[in-house]
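# Residue-level structural notes
Now for the letters of each chain:
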Amino acid sequence: MIYIAILIGCILGAFVGMNSPVIPYTYSSYLSIAIIAALDSVFGGITSVLKGNFDLKIFLSGFFGNSILSIALTYLGNKLNVDIYLAAIIVFVGRMFTNLAIIRRYYIEKWSKKLGKVSFESGNENTKKN
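How each quantity is defined
Residues numbered from 1 in each chain as written. Predicted model: local features only at pLDDT ≥ 70, side-chain atom pairs only at ≥ 80, totals over all residues. Heavy atoms only, no water. Core = buried A, V, L, I, M, F, W, Y, C linked by side-chain atoms within 4.5 Å. Buried < 20%, exposed > 50% of the residue type's maximum accessible area, 1.4 Å probe, protein only. Contact = heavy atoms within 4.5 Å. Salt bridge = Lys/Arg side-chain N within 4 Å of Asp/Glu carboxyl O. Helix = DSSP H or I, 4+ residues; strand = E, 2+ residues; numbered from the N terminus. Expected span 1.5 Å × (residues − 1).

Our focus in this paragraph is the nonpolar core. Of all hydrophobic cores here, the largest spans six residues; its members are Ile33, Ile36, Ala37, Ala88, Phe92 and Met96. Ignoring any residue separated from it by four or fewer positions in sequence, one finds alanine 88 in contact with Ile33 and Leu73.

And the structure:
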């Protein structure tokens, strides 16, 4: 089921990407920081699903709250002629890497247990034959 959702999301994203207008250069910094904030929330949501404590209200408030706050920081930085958005990028990307490490470790442990079980079972079969 999840694979179907991922496939539909990829197809929909590719279709929208090919048919969407080009973002003007003046808005590219706002869009990029909003995307980074949204990705941070998505990775955090995946991590909380794996830990078993996902809450949709927290996810949605973080998703939109982080995006709006990061856009506001970018706007304020542009008005002050200071690159304040760099602080948001450092925080969000750091959290993304932390969440990605948690996700990676979860799946490596899961696959290692599965592979260890298979190799252990196949090892028992070999000893039975000898």
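It is possible for side chains bearing opposite charge to pair when their charged atoms get close. If you walk through the whole model with that rule in mind, you get one salt bridge. In this structure, arginine 95 and aspartate 40 form a salt bridge, with 2.3 Å as the shortest nitrogen-oxygen distance. Here aspartate 40 lies in helix 2 (residues 25–51) and arginine 95 lies in helix 4 (residues 85–129), a separation of 55 residues in the sequence.

This next bit is on helix 2. Over its 27 residues, helix 2 runs 40 Å from end to end, which matches the ideal 39 Å to within 8%, given 1.5 Å per residue. Listed in full, the buried residues belonging to helix 2 are Tyr30, Ile33, Ala34, Ile36, Ala37, Ala38, Asp40, Ser41, Gly45, Thr47 and Ser48. Glycine 52 occupies a position one or two residues after helix 2 and carries a positive phi of about 85°.

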